[in-house]
Amino acid sequence: MANPCPKKRLPSTPRRIRPPFVWTAKADALLGTTTDAAIAARLQILPESVAMRRRKLGIAPFNTAVVWVAWTKKMDALLGTAPDPVIAAQLRIPAPSVGTRRRKLGIAQVGNAVVKWTAEMDALLGTASDGTIASQLGCIPETVGERRHKLRIARFSTAALTWTKQREALLGTDTDPAIAKKLDLSPGQVRLRRQSLGIPTAKPHPEALKKIIARSGALPVPSQSRATTSTGRQFLIDQPHVQRARTEFADTEDMALTAYLERELAEVYSKSLHPPSCPYCRSRRTILQQKPHGCHPLPRFACRTCKQNFNRVAGTPLFRLRAAKLPLFIRLLSQQIPYNVAARRLGVSIDAIQNWAKKFRIWLLQLDPTGKWEKKVRLGIKARPHIRCPRCGVDGEKYLNGYMPNGERRLCCPACGTAFGISDAERLAQEAVRLEVFHDPGKAALDTETSDS
Ligand SMILES: [Zn+2]
Ligand SMILES: [Zn+2]
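Structure report, in brief. Quick caveat: nothing in here was measured; it's all calculated off a predicted structure. (Residues numbered from 1 in each chain as written. Chains lettered and ligands numbered in written order. Predicted model: local features only at pLDDT ≥ 70, side-chain atom pairs only at ≥ 80, totals over all residues. Heavy atoms only, no water.)

**So, the packing of aromatic side chains**
To describe a pair of aromatic rings, you give the distance between the ring centres and the angle between the ring planes. Rules: Stacked, edge-to-face and tilted labels apply to pairs of Phe, Tyr and Trp rings (six-membered ring for Trp) whose centres lie within 6.5 Å, assigned for plane angles under 30 degrees, over 60, and everything in between, in that order. Each helix is a run of DSSP H or I of at least 4 residues and each strand a run of E of at least 2, with the numbering of both proceeding from the N terminus. For the exposure calls, accessible area comes from a 1.4 Å probe over protein chains only, and a residue counts as buried if that area is under 20% of its type's maximum, exposed if over 50%, partly exposed in between. Any Lys NZ or Arg CZ that is within 6 Å of a ring centre and within 35 degrees of that ring's normal is treated as a charge sitting over the ring.
By the definition in use, this model includes six aromatic pairs. Taken together, a centroid distance of 5.3 Å and an interplanar angle of 75 degrees make the contact between Phe-329 and Trp-356 edge-to-face. Linking Phe-329 in helix α15 (residues 326–333) with Trp-356 in helix α17 (residues 350–367), this pair joins segments that are 27 residues apart in sequence. Exposure remark for Phe-329: the relative accessible area of 0% places this residue in the buried category. Every member of this aromatic cluster is reached through a ring pair, and the members are Phe-329, Trp-356, Phe-360 and Trp-363. When the ring centre of Phe-438 is taken as reference, the NZ or CZ atom of Arg-384 above it lies at 3.9 Å.

See the structure below:
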């Protein structure tokens, strides 16, 4: 290929960039016929590239579960007498192998509907694990589970069998979920045992929450702002986590971060001909090698110490990012919105947003190792509220569960199932809601980056 830019010297850097692989119809035809790794080896590209292309074209992965089995007449005779997974379990071979063989011999599949539940069979439910009963009945465990759910029979558990007097004394003293938590059982097991002993349930809500709140009305309201912190990162508690119909995301842009990044971006993409120090060896012995022109909008420099050529973007994590969308993207970095919303706003893929967010967070840590600026990034990071439950006293994570009539977020206690408005919970618990990050898609990359350097 001819050098498209005659003024440009061929790079002296040893870094060789492989031209992007072009998917031909012939290459596409290979997808799904064998494993991605085998195709990748044949095309001399990465297995990830093959998997990505395969998913893009909606082609199912090559089914490695269909292993070769030496089928005997005796084994063949079993096919179609029970659902494939049951036979597979009996023969100790993968279920897809059974299905493939059955279809090859033209034997019809036995569905789950064959089980006709008799009173005797129903009596078995819950006395052993679904899998054990399923193998006795010759059906798949899901069928047993479905029936068990329908009859509201608790899942078999060894713990359920050891009801001591001490444990039984607890029944009815609190809500079933609360007791289940104490005894390490499922609420269904507790409820079943309580019902079988004829113990009435402790009323889950003995007193209307409104009354409790009204009574404690005189309590001082803890000082709190809607933007609570978690390890220094600020979040708005009212912001939704996911995009639903009619979801409105408040504009949470941190103008200080945007201005900071705009300044840094302008410097990196500057056309100034003053040579910066070498990003590879930190040497100051650098000279201007090439003024910006035509297809190279950035000036290039050369290092006299290590003989590398570079521009100002080289050596930053922004190297080879699409520069055109970056000024818009930095305005999204501090927004408390999920990646998919950011992707839609910029008209790029979610993968691009994820990659950019990662690169920018690494860059922010490089620019300011104290992490002051990186902590202002909220894009894609999700936090859940923590507070002591005013009803059951369990401290820790609460779920966000819709909105109160007054428009504030409603919290739900996973331990006792009670729902509170945020301000009510804070007033009753006499503490402010803390937010803790529970989802940070960029954290792993950031951690490896900071531990490397
Ligand atoms: Zn150098
Ligand atoms: Zn609670």
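Now, onward.
**So, the nonpolar core**
For clarity, the threshold we go by: Definition used in this section: a nonpolar core is a set of buried Ala, Val, Leu, Ile, Met, Phe, Trp, Tyr and Cys residues joined via side-chain atoms within 4.5 Å.
Core analysis: the biggest nonpolar cluster contains 32 residues, and Leu-261, Phe-329, Leu-333, Ile-353, Trp-356, Phe-360 and Leu-379 have the highest contact counts within it. For this core, the element with the highest residue contribution is α17, accounting for seven residues. In terms of nonpolar packing, the next biggest core, distinct from the first, is built from 17 residues, Phe-235, Ile-237, Leu-400 and Ile-422 among them.

**Things to note about the sheet that holds strand β9 (residues 419–421)**
For clarity, the cut-off: Only when DSSP finds a minimum of two bridges between them are two strands counted as paired. Only C-alpha atoms enter the line fits that serve as axes; for helices the fit covers just the stretch in contact. Angles between N-to-C directions range over 0 to 180 degrees. In what follows, residue pairs with any heavy atoms lying within 4.5 Å of each other are defined as contacts.
One open sheet holds the three strands; their spatial order is β7-β8-β9, and the pairing between them is antiparallel. Every other strand in the sheet has two partners, leaving β7 (399–403) and β9 as the edge strands with one partner each. Between one strand axis and the next, the sheet turns through 35 degrees on average, direction left out of account. Pairing between strand β8 (residues 409–412) and β9: three bridges, direction antiparallel. When the sheet's bridge partners are listed, Arg-410 is paired in β9 with Gly-421. Packing of helix α18 (residues 422–429) onto the sheet brings it into contact with β8 and β9, and relative to β9 it is tilted by some 95 degrees.

**Some remarks on the environment of Thr-35**
Along the chain, the position of Thr-35 falls in the loop between α1 (25–30) and α2 (36–43). Residue Thr-35 is classed as partly exposed on the basis of its relative accessible area, which comes to 30%. Placed twelve residues apart in sequence, Thr-35 and Pro-47 show a C-alpha to C-alpha distance of 9.1 Å.

Worth remembering: the numbers are spatial, not functional.
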